[in-house]
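Structure at a glance
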Amino acid sequence: MTQIEPGPGPTTGAAGTTAAATAAATSGAATSAAGPGAGASVARAVGAAALMFVRFAAIGTAVGALVSRADCAFVFGTCSLRNLLGYFTIESAILFAVTMAVAVVLAGSGFRMPRWFGFVRLTVATYVIVSGLVFAVLMSTAGYTGAEFLVPLSSRILHFVLPAFAILDLMLDPPRGRPYRLWPVLVFPAGWFVVTLFRGASTQWYPYFFVSPEAVGGYPQLTLYALALALILLAAFWLVRSLARAAAGDPTSKPTHRTGPASNAKPRAALNDPA
């Protein structure tokens, strides 16, 4: 009786099945590993596109509102262009449009934004926000002071829409790094205040009543208004900076764990623990 020895077929089949299973598992692992990375890439691309859209919209809105606001000088002749440029709101809007344009150019060229530019963005955002807040207060108290406000649509856009764009830009792309100091935010407003005083003394025209010594009752009262505005600017900058840091996840915090070889040293907090 001839004994038939088992051939290599079943063994080869088992090995093939095992190899196929291994390949499938490897492919699945690679797919699952690539999945989050691909999703993150898509999210970054969508975020970058949204940020560019916001900045282009901010530039267009600011330029359109500024051109429309200047019609009193170029079309109707009811105001002086020099006086128009003396308003802090107008200067802040121009700075905001230029800042957004620089941000678009830097992002489009692939250059990394320098740290000082983050301070510029926070500062200019503070200026347009404070301009809107002060204007809102002046409008709300106009009935008590007897002042008459004729507010065109372009002025409403400059005071209320641009601050929204500034906040949205900082939330989508918050400046990173160590927190910025507060006092430099006062440099430009202080210069504007001094120039406005000297110019007003010669032209007898002031853009706002609180920079006119005659309107507020003298230089002591003017000094109080200047200090109040400085405090408002500092508080607004601190708030804007805090919101930006929160949006960035507080990137200035350092990791608490050690990297590199394991160490038997206790954490610094444990060494100071009285227990």
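The shown structure was predicted, so the numbers you read here are calculated from the model rather than taken from an experiment.

1. Description of the packing of helix 5 (residues 115–140) against helix 7 (residues 153–172)
Where helix 5 contacts helix 7, the axes come no closer than 9 Å and their chain directions differ by 145°. Crossing handedness for the pair helix 5 and helix 7: left-handed. Counted together, R121, L122, A125, V128, I129, S131, G132, F135, A136 and M139 of helix 5 and S155, R156, H159, F160, L162, P163, A166, I167, D169 and L170 of helix 7 form the full contact between these two elements. By residue class, the composition of the contact of helix 5 with helix 7 is 13 nonpolar, four polar and three charged.

2. Focus on the packing of aromatic side chains
Applying the stated rule across the entire model yields 15 aromatic pairs. Both rings, one in Y127 and one in F188, keep their centres 5.7 Å apart while their planes meet at 35°; by these two values the pair is tilted. In this pair, Y127 sits in helix 5 while F188 sits in helix 8 (residues 187–203), placing the two residues 61 residues apart along the sequence. Overall, Y127 belongs to the buried group, its relative accessible area being 3%. One aromatic cluster in this structure is built from Y87, F88, Y127, F188, W192, F193, W205, Y208, F209, F210 and Y225.

3. Some thoughts on the environment of W192
Structurally, the position occupied by W192 is in helix 8. Residue W192 is classed as buried on the basis of its relative accessible area of 10%. Once the C-alpha coordinates of W192 and Y87 are considered, the two residues, 105 residues apart in sequence, prove to be 9.2 Å apart. Beyond its immediate chain neighbours, meaning those up to four positions away, W192 contacts G86, Y87, F88, E91, P207, Y208 and V211.

4. Looking at the side chain of S155
As for its position among the elements, S155 is in helix 7. Classification of S155 as buried rests on a relative accessible area of 6%. Each residue touching S155, except ones within four places of it in the same chain, is listed here: R69 and F135.

5. Structural notes on the confidence of the model for the chain
Overall, the prediction assigns the chain a mean pLDDT of 81, with 75% of residues at 70 or greater. Counting contacts from residues 253–275, a segment whose pLDDT is below 50, to residues more than four positions away or on other chains yields two contacts.

Reading the values: rules and limits
Residues numbered from 1 in each chain as written. Predicted model: local features only at pLDDT ≥ 70, side-chain atom pairs only at ≥ 80, totals over all residues. Heavy atoms only, no water. Axes fitted to C-alpha atoms, helices over the stretch in contact; angles between N-to-C directions. Helix = DSSP H or I, 4+ residues; strand = E, 2+ residues; numbered from the N terminus. Left-handed = near helix turned anticlockwise from the far one by under 90°. Contact = heavy atoms within 4.5 Å. Nonpolar A, V, L, I, M, F, W, Y, C, P; charged D, E, K, R; others polar. Phe/Tyr/Trp six-rings, centres within 6.5 Å; stacked < 30°, edge-to-face > 60°. Buried < 20%, exposed > 50% of the residue type's maximum accessible area, 1.4 Å probe, protein only. pLDDT = per-residue confidence, 0-100.

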